Amino acid sequence: MKILVVYYSYSGITRRLAEDIALITGGDLREIKPQKPYSFSYNTAVKEAREEIERGYCPPLIQGTESVEDADIIFIGSPNWLKTFAPPVLSFLKAVDLDGKTIIPFCTHGGGGFGRMIEDYKNECKNSIIKEGIALKGDYSFDELKNRLNSNM
Ligand SMILES: Cc1cc2nc3c(=O)[nH]c(=O)nc-3n(C[C@H](O)[C@H](O)[C@H](O)COP(=O)(O)O)c2cc1C
C-alpha cells in the first residue's frame, strides 16, 4: 500500500506534522508551494488568505502537482485558514486526479480544529473516499499522533 503525504505549510507547524506522519507511516513526503508566497506579516497574510478564499481563488503552484497515480492513500495537510484549507491546497485538489483515492485530511490549527475543512474536501473530491482525519494543535506529542494514526488506518 503506497502512502503519499502532501502538505502546505505557511509557518512550519503543518510541515512538522507532515514529516511526523511520513515517518510513522513510511509515506513519501510532498510539499505544495505557491508561486507567490504569502506575506511574512501575519495580519497581511490573513487579509490575502481571506480575499483568496472568498473568491475560491487557486494560486498557481511551483511544486506539488506531480501525478498521484501510484498512491493508494493520500494524506493531505494544511493549516486551518479561516475554517478551511489554505488556497494552495485547493489548487492541488483541482490539479491532480484524486478519483478513487483514499484521502486522510490532516491539519494544524489555533483552536478551531478542522472548521469546515472536511465538508470542503468532500465537495472538491466527490469521487474520493474521505476519512475522518487528524486535526492537531502545534503542541501535539509524537505518541498522541501515533495513536491517532493507528485509529485512522
Ligand atoms: C491566514 C491565517 C488564517 C488562520 N485562520 C485560523 C482559523 O480560522 N482557525 C484556527 O484555529 N487557526 C487559524 N490560523 C492559525 C493556524 O491554523 C495555525 O497557527 C497553524 O498551526 C499554522 O500552521 P503552519 O505553521 O503550517 O502554517 C490561521 C493562520 C493564518 C496565517
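As the structure is a prediction and not an experimental result, all values here were calculated from the model. (Residues numbered from 1 in each chain as written. Predicted model: local features only at pLDDT ≥ 70, side-chain atom pairs only at ≥ 80, totals over all residues.)

Draft legend 1. The arrangement of the overall build of the protein chain in detail. Counting secondary structure elements, the protein chain contains 5 helices and 8 strands. Relative to the 2.2 N^0.38 estimate, which gives 15 Å for 153 residues, the radius of gyration of the protein chain is 14 Å and therefore close to what a compact globule would have. Its C-alpha atoms give the protein chain principal-axis dimensions of about 40 × 35 × 25 Å. Counting every position in the protein chain, which comprises 153 residues, the buried fraction comes to 33%. Across the protein chain, every contact between residues at least 6 apart in sequence was considered, and the portion connecting residues at least 24 apart equals 77%. (Helix = DSSP H or I, 4+ residues; strand = E, 2+ residues; numbered from the N terminus. Rg over C-alpha atoms; globule rule 2.2 N^0.38 Å. Buried ≥ 20, exposed ≤ 12 C-beta atoms within 10 Å, placed from the backbone. Contact = placed C-beta atoms within 7 Å.)

Draft legend 2. Spotlight on the nonpolar core. In this structure, Val5, Val6, Ile74, Phe75, Ala86, Val89 and Phe106 are the most contacted members of the largest nonpolar core, which totals 33 residues. Elements with a contribution of two residues or more to this core: β1 (3-7), α1 (13-25), β5 (73-79), α3 (87-95), β6 (102-109), α4 (117-124) and β8 (134-137). Ignoring sequence-local partners within four residues, the contact set of Ala86 consists of Tyr8, Tyr10, Ala49, Ser78, Pro79 and Trp81. (Core = buried A, V, L, I, M, F, W, Y, C linked by C-beta atoms within 7 Å.)

Draft legend 3. How the structure looks around the environment of Val89. Tracing the backbone through its elements, the reader meets Val89 in helix α3. Separated by 33 residues in the primary sequence, Val89 and Lys122 place their C-alpha atoms 14 Å from one another. Here Val89 is in contact with Tyr8, Ile32, Ile76 and Ser78, once residues within four sequence places are set aside.

Draft legend 4. Just the environment of Ala18, in detail. Looking at the element boundaries, Ala18 is found in helix α1. Residue Ala18 is classed as buried on the basis of its 25 C-beta neighbours within 10 Å. A C-alpha to C-alpha distance of 6.5 Å links Ala18 and Val5, two positions 13 residues apart in sequence.

Draft legend 5. Spotlight on the site of the ligand. Taken together, the neighbourhood of the ligand is formed by 23 residues, with Tyr10, Ile13, Thr14, Pro79 and Gly112 sitting nearest. Of all elements in the fold, only α1, α2 (42-54) and β6 reach the threshold of two or more residues within the shell around the ligand. If one sorts the elements of the shell around the ligand by residue count, α2 sits on top with 4 residues. Here the residues of the shell around the ligand sort into 9 nonpolar, 12 polar and 2 charged. (Near = placed C-beta within 6 Å. Nonpolar A, V, L, I, M, F, W, Y, C, P; charged D, E, K, R; others polar.)

Draft legend 6. Highlighting the confidence of the model for the protein chain. Chain-level statistics for the protein chain give a pLDDT mean of 97 and a share of 99% at 70 or above. For this predicted complex, the interface score ipTM comes out at 0.99, while the overall pTM is 0.98. (pLDDT = per-residue confidence, 0-100.)

Draft legend 7. Structural context of α3. Counting buried residues in α3 gives 7 out of 9 residues, a clear majority hidden from the surface. Residues of α3 that are buried sit in contact with β1, β3 (33-34), α2, β4 (61-63), β5 and α4.

Draft legend 8. Structural detail: unusual backbone geometry. Of note in this structure, Leu82 is not a glycine but carries a positive phi near 50°. Looking at where Leu82 falls in the secondary structure, it is placed in the loop between β5 and α3. C-beta crowding within 10 Å serves as the criterion here: with 15 such atoms nearby, Leu82 is assigned to the partly exposed category. For Lys83, which is not glycine, the phi dihedral falls at a positive 75°. Considering the arrangement of structural elements, one finds Lys83 in the loop between β5 and α3.

Draft legend 9. Region of interest: the pairing of β6. Along β6, 7 of the 8 residues are buried, which leaves the element largely enclosed by surrounding structure. Sheet topology places β5 next to β6; 7 bridges connect them, and they run parallel. By the bridge assignment for β6, Ser78 is matched with Cys107. You can see the chain leave β5, run along α3 and come back into β6, and the turn it takes is right-handed. Across 2 bridges, β6 lies against strand β7 (residues 129-130) in parallel orientation. For Ile103, the partnering residue across the bridge sits in β7 and is Ile130. Here 4 bridges tie β6 to β8, and the two strands are oriented parallel to one another. Within the sheet, the bridge partner assigned to Thr108 lies in β8 and is Leu136. (Pairing = 2+ DSSP bridges. Right-handed = clockwise from strand over helix to strand, strands pointing away.)

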